[in-house]
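So you can see what is in the structure, the chains are spelled out below.
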Amino acid sequence: MIIKTINPGIHEIEVTIKEIIYGNTAVDYFTGLNQVESTTLKLRCRDCTVMVFKKDMELFENVSAGYQFKAKVKEWNKNIYNFIKLID
């Protein structure tokens, strides 16, 4: 759920994780990195998906379904966001 819009396409959201999916980008498949490690997390929530990339994945290492957090995100498509940072 969007709490606040900072700029067009940049929002603060509060969500509860329903499902965590580990994956890779298309580039990883071409370079073979997908055979080594996951480089993306899809955090599926009730009404959106938050994409988290490798540099921020450690923030979500020990979370599971039901974890609630607030974050600053960038909108990619309708209800799909790119994680920027956690907020208080």
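As a starting point, this report considers the structure included with it. Here the structure is a predicted model, which means the values were calculated and not measured. (Residues numbered from 1 in each chain as written. Predicted model: local features only at pLDDT ≥ 70, side-chain atom pairs only at ≥ 80, totals over all residues. Heavy atoms only, no water.)

**Quick notes on the overall build of the chain**
Here comes step 1: Counting secondary structure elements, the chain contains 1 helix and 6 strands.
Here comes step 2: Listing each helix as α and each strand as β along the chain from the N terminus yields β-β-α-β-β-β-β.
Here comes step 3: Relative to the compact-globule value of 12 Å for 88 residues, the chain shows a C-alpha radius of gyration of 13 Å, a close match.
Here comes step 4: C-alpha extents for the chain along the principal axes are approximately 40 × 25 × 20 Å.
Here comes step 5: Scored against the burial criterion, the 88 residues of the chain give a buried share of 33%. (Helix = DSSP H or I, 4+ residues; strand = E, 2+ residues; numbered from the N terminus. Rg over C-alpha atoms; globule rule 2.2 N^0.38 Å. Buried < 20%, exposed > 50% of the residue type's maximum accessible area, 1.4 Å probe, protein only.)

**Thoughts on the environment of Tyr 22**
Here comes step 1: In this fold, Tyr 22 is placed in strand β2 (residues 10–23).
Here comes step 2: For Tyr 22 and Lys 42, which are 20 residues apart along the polypeptide, the C-alpha to C-alpha distance reads 6.5 Å.

**Observations regarding unusual backbone geometry**
Here comes step 1: One non-glycine residue with positive phi stands out, namely Asn 79, at about 65°.
Here comes step 2: Topologically, Asn 79 is positioned in the loop between β5 (68–77) and β6 (80–86).

**Things to note about the nonpolar core**
Here comes step 1: Counting residues in hydrophobic clusters, the biggest one holds 17 residues, and the most contacted among them are Leu 43, Val 50, Val 52, Phe 60 and Phe 69.
Here comes step 2: Elements with a minimum of two residues in this core: β2, β3 (40–45), β4 (49–53), β5 and β6. (Core = buried A, V, L, I, M, F, W, Y, C linked by side-chain atoms within 4.5 Å.)

**Topic: the packing of aromatic side chains**
Here comes step 1: All chains considered together, the criterion is met by 4 aromatic pairs.
Here comes step 2: Where Phe 60 meets Phe 69, the ring centres are 5.3 Å apart and the plane angle is 65°; that geometry is what we call edge-to-face. Each member of the pair, Phe 60 as well as Phe 69, carries the same accessibility label: buried.
Here comes step 3: A residue is classified by how much of its surface remains accessible, and Phe 69, at 4% relative accessible area, is buried.
Here comes step 4: Cluster of aromatic residues (ring-pair linked, three or more members): Phe 60, Tyr 67, Phe 69 and Phe 83. (Phe/Tyr/Trp six-rings, centres within 6.5 Å; stacked < 30°, edge-to-face > 60°.)

**Re the pattern of salt bridges**
Here comes step 1: Tallying each qualifying case throughout the model produces 1 salt bridge.
Here comes step 2: Among the salt bridges present, the one from Lys 55 reaches Asp 56, with a minimum N-O distance of 3.2 Å.
Here comes step 3: Assessed through its relative accessible area of 63%, Lys 55 is described here as exposed. (Salt bridge = Lys/Arg side-chain N within 4 Å of Asp/Glu carboxyl O.)

**So, the pairing of β4**
Here comes step 1: Burial of β4 is extensive: 4 of the 5 residues sit out of reach of the surface.
Here comes step 2: Across 3 bridges, β4 lies against β6 in parallel orientation. Each residue of the ladder has a partner; that of Val 50, found in β6, is Tyr 81. (Pairing = 2+ DSSP bridges.)

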